Protein chains: 2
Amino acid sequence: MGTDYVHGYTPAETRRLSDQAGTLADLLHGGTTYAPGSRVLEAGCGVGAQTVQLVTRSPGIDLVSIDISEASLAQAKARVADHAPHATVDWRHADLHDLSGEKFDHVFVCFVLEHLPDPAAALTRLRGLLEPGGTITVIEGDHESAFFHPRSAQAQAVIDCLVDLQAAAGGDSLIGRRLQPLLEQAGYDDVQVGPRTVYADQNLPQLVDGFTRKTFIAMVESVRDRAIAAGLRTEAEWAAGIRDLEKSAAPGGTFHYTFFKGVGRT
Amino acid sequence: MGTDYVHGYTPAETRRLSDQAGTLADLLHGGTTYAPGSRVLEAGCGVGAQTVQLVTRSPGIDLVSIDISEASLAQAKARVADHAPHATVDWRHADLHDLSGEKFDHVFVCFVLEHLPDPAAALTRLRGLLEPGGTITVIEGDHESAFFHPRSAQAQAVIDCLVDLQAAAGGDSLIGRRLQPLLEQAGYDDVQVGPRTVYADQNLPQLVDGFTRKTFIAMVESVRDRAIAAGLRTEAEWAAGIRDLEKSAAPGGTFHYTFFKGVGRT
């Protein structure tokens, strides 16, 4: 799955991805459990935020977690050792291509397709790794689902930077809405996609802090230097945009975001 | 609550509002039931689409349903007689001001605040009609939550017409995201707001037909003449926008929309 990542590999990003999994775990993983003994592939485990959820929610599975970044894999190992010390994971520094010949009962892919120039091809390759009757579970966001109070053109502009940089790197941060056609095109059967919506206001302080601030705004902030270097925003515009975005996490502010979760079968 | 409505009073609109309630009833009314004997005010019942749900889901309530349009009230009466013939509703051709002196255990307001120039004032007035410990339930959409596949600037532009016309008439079709601060400002306690998200793709044909086509696209189409008369779009641009929007209801298309439901107490 070799491609440039717009985010995911800095220490601040590692913290963000960890915060994200803690806050969103139930929302994203709800409904996903695998029977003990199932052979499960996590394609693109990153720093292991979702790996911890997989081994905790489906004890006894035979999990293979792969990533193309050795640094991320090392962090994922440490995270699982820390949060789920009794879990066994077969970690592989690998690309999807390296798995040919192996077969899995289930594939789990979370926040990976958004980075790929050809997500349909990746889904097709993953389908080839599934046993007959196997399932794939895909989770992705869609940054155009982000809206907030108070509204602000400056805040919207910094979010748009994230979308534009992701697109320039060959990815698509608006991929959530496309999961259903992508899974169909890749030949999966019984495709079911549903929204997983996060809404945070001052009466939901854990979500304000865990999602609006430490997940979403942190993710936007992670592309600051690249956005300014690319001439998308000036330093002053960037600061104004973040300041306005932070109002959505202040009392009287609100924030909305929708993830999409799709399941298909072979 | 006298103000110009951008939509709601044409025969096509009546059909749309009826379709909407059928498709969305569980999503919007889930969690809202009142004990038999409760005195409930439905403020702005329109053509009765939600009234039918109220009397069906909370049998035995003492319901007062008011609206400022006599024509709508007549349709609401006919609808309830048709769908819930044993229900008793105290219909009133009235404004909120006409209710002073009366008290209610619960107030229900759905798709009304979006039309008002001062929704905070309306919420404050409604609070004055509640018994101590009474509740208000408010449901509103937010048209910026609408996004779809395939993306289209022309389709987005026709949606923006609806938002602009509503704003020109003194309303706010982006009000959903503001329910929490509005309820707080009006002095309600224990305010809880949550998203109610609709997602439709070809594997959810009832939602594609009932929501994407017959609710959302129909609502956009209802402002066609006004949008063209106001010079917001040409006839050709309008047709292109609707054609693109309809692709979101075709195989391979997807559509997303989030309603907000808020509850507060006195």
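Residues numbered from 1 in each chain as written. Chains lettered and ligands numbered in written order. Predicted model: local features only at pLDDT ≥ 70, side-chain atom pairs only at ≥ 80, totals over all residues. Heavy atoms only, no water.

1. Looking at the overall build of chain A
Consideration 1: Looking only at helices and strands, chain A has nine helices and eight strands in total.
Consideration 2: The globule rule puts the C-alpha radius of gyration for 266 residues at 18 Å, and the 18 Å found for chain A is close to it.
Consideration 3: Structurally, chain A occupies a C-alpha span of about 55 × 35 × 35 Å along its principal axes.
Consideration 4: When contacts within chain A are restricted to residue pairs at least 6 apart in sequence, those whose partners lie at least 24 apart make up 80%.
Consideration 5: Carbon and sulfur atoms make up 50% of the accessible area of chain A, which totals about 10,300 Å².
Consideration 6: Side chains of chain A carry 23 positive and 34 negative charges; the gap between the two charge centres is 3 Å. (Helix = DSSP H or I, 4+ residues; strand = E, 2+ residues; numbered from the N terminus. Rg over C-alpha atoms; globule rule 2.2 N^0.38 Å. Contact = heavy atoms within 4.5 Å. Areas by Shrake-Rupley, 256 points an atom, 1.4 Å probe, with all protein chains shown as cover. Lys, Arg positive; Asp, Glu negative; His and termini not counted. Charge placed at Lys NZ, Arg CZ, Asp CG, Glu CD.)

2. Brief notes about helix H3 (residues 70–83) of chain B
Residues and elements named next belong to chain B.
Consideration 1: Its 14 residues place the ends of H3 20 Å apart at the C-alpha level, agreeing with the 20 Å of an ideal helix rising 1.5 Å per residue.
Consideration 2: Along H3, the residues that are buried comprise Ser-72, Leu-73, Ala-76, Arg-79 and Val-80. Seen end-on, H3 carries its buried residues on one side only, within an arc spanning 125 degrees. For H3, the exposed residues set more than 90 degrees away from the buried face come down to Glu-70 and Asp-82. (Expected span 1.5 Å × (residues − 1). Buried < 20%, exposed > 50% of the residue type's maximum accessible area, 1.4 Å probe, protein only. Arc of directions from axis to C-beta.)

3. A few points about the pattern of salt bridges
Consideration 1: All chains considered together, the criterion is met by 30 salt bridges over all chains.
Consideration 2: The closest approach of N and O atoms between A:Arg213 and A:Asp209, which form a salt bridge, is 3.4 Å. Taken as a pair, A:Arg213 and A:Asp209 lie in helix H7 (residues 205–221) at a separation of four residues, close to a single helical turn.
Consideration 3: Ionic pairing is found between B:Lys247 and B:Asp244, a salt bridge with its closest N-O pair at 3.0 Å. (Salt bridge = Lys/Arg side-chain N within 4 Å of Asp/Glu carboxyl O.)

4. Things to note about the relation of the copies chain A and chain B
Consideration 1: Each copy superposes on the other: chain A lies on chain B with an RMSD of 0.0 Å after a rotation of 180 degrees and an axial shift of 0.0 Å. Such a turn and shift between the copies fits a two-fold axis. When C-alpha distances to the rotation axis are compared across chain A, the minimum falls at A:Ser145, with a value of 3.2 Å.
Consideration 2: Looking at the interface residues of chain A, 100% of them are also at the interface in chain B, so both copies use one shared face. (Least-squares fit on C-alpha atoms with pLDDT ≥ 70 in both.)

5. A short note on the packing of aromatic side chains
For any pair of aromatic rings, the description consists of the separation of the ring centres together with the inter-plane angle of the planes.
All names here are of chain A.
Consideration 1: Applying the stated rule across the entire model yields 20 aromatic pairs over all chains.
Consideration 2: With a centroid separation of 6.2 Å and 10 degrees between ring planes, the pair formed by Phe-148 and Phe-255 is classed as stacked. Of this pair, Phe-148 sits in strand E6 (residues 147–149) while Phe-255 sits in strand E8 (residues 254–265), and the two are 107 residues apart along the sequence. Across the pair, Phe-255 and Phe-148 agree in class, each one buried.
Consideration 3: Aromatic side chains Phe-216 and Tyr-257 sit 5.6 Å apart centroid to centroid with 50 degrees between the ring planes, which places their arrangement in the tilted category. Placement of the pair is Phe-216 in helix H7 and Tyr-257 in strand E8, with a sequence separation of 41 residues. The two residues Phe-216 and Tyr-257 agree in class, both being buried.
Consideration 4: Linked through ring pairs, Phe-111, Phe-148, Phe-211, Phe-216, Phe-255, Tyr-257 and Phe-259 together constitute an aromatic cluster. (Phe/Tyr/Trp six-rings, centres within 6.5 Å; stacked < 30°, edge-to-face > 60°.)

6. Concerning the pairing of strand E5 (residues 130–140) of chain A
On any regular strand, side chains alternate: one points to one face of the sheet, the next to the other face.
Residue and element names in this part refer to chain A.
Consideration 1: Summarising burial for E5: eight of the 11 residues are buried, a large majority.
Consideration 2: Looking at chain direction, E5 and E8 are connected through six bridges and run antiparallel. Across the sheet, Val-138 pairs through a bridge with Gly-262, a residue of E8. (Pairing = 2+ DSSP bridges.)

7. Overview of unusual backbone geometry
Consideration 1: Going from A:His149 to A:Pro150, the amide bond is cis rather than trans, its omega being 0 degrees.
Consideration 2: Structurally, A:Pro150 can be placed in the loop between E6 and helix H5 (153–168).
Consideration 3: Backbone geometry places A:Phe111, a non-glycine residue, at a positive phi of 55 degrees.
Consideration 4: Along the polypeptide, A:Phe111 turns up in the loop between strand E4 (104–110) and helix H4 (119–127).
Consideration 5: For B:Asp190, which is not a glycine, the phi torsion comes out positive at approximately 50 degrees.
Consideration 6: Note that B:Asp190 resides in strand E7 (residues 189–201).

8. Considering the packing of helix H2 (residues 49–57) of chain A against helix H3 (residues 70–83) of chain A
Residue and element names in this part refer to chain A.
Consideration 1: Contact pair H2 / H3: the axes reach a minimum separation of 9 Å and the direction vectors enclose 40 degrees. The orientation of H2 relative to H3 falls into the category oblique. Pair H2 / H3 crosses with right-handed handedness. Only Arg-79, Val-80 and His-83 of H3 make contact with H2, whose side of the interface consists of Ala-49, Thr-51 and Val-52.
Consideration 2: Classifying every residue of the contact of H2 with H3 by side-chain character gives three nonpolar, two polar and one charged. (Axes fitted to C-alpha atoms, helices over the stretch in contact; angles between N-to-C directions. Parallel < 35°, antiparallel > 145°, perpendicular 65-115°, else oblique. Left-handed = near helix turned anticlockwise from the far one by under 90°. Nonpolar A, V, L, I, M, F, W, Y, C, P; charged D, E, K, R; others polar.)

9. Focus on the confidence of the model for chain A
Residue and element names in this part refer to chain A.
Consideration 1: Averaged over all residues, the pLDDT of chain A is 92; the fraction at 70 or higher stands at 91%.
Consideration 2: A low-confidence stretch, residues 1–5 stays under pLDDT 50, and its non-local contacts, those more than four residues away or across chains, total 16 contacts.
Consideration 3: For this predicted complex, the interface score ipTM comes out at 0.90, while the overall pTM is 0.91. (pLDDT = per-residue confidence, 0-100.)

10. Structural notes on H5(A)
The periodicity of an α-helix, 3.6 residues per turn, causes residues three or four positions apart to be oriented the same way.
All names here are of chain A.
Consideration 1: Under the 1.5 Å per step criterion, the end-to-end length of H5 is 22 Å for 16 residues, consistent within 8% with the ideal 22 Å.
Consideration 2: For H5, the full list of buried residues reads Ala-155, Ala-157, Val-158, Ile-159, Cys-161, Leu-162, Val-163, Leu-165 and Gln-166.
Consideration 3: On its buried side, H5 packs onto E6, H7, helix H8 (224–229) and helix H9 (235–247).
Consideration 4: Among the residues of H5, the N-terminal cap falls to Ser-152, whose side-chain oxygen and the backbone nitrogen of Gln-154 are separated by 3.3 Å.
Consideration 5: The first or second residue beyond H5 is Gly-170, which carries a positive phi of 95 degrees. (Polar contact = N/O pair within 3.5 Å; in protein donor to acceptor, adjacent residues only side chain to side chain.)

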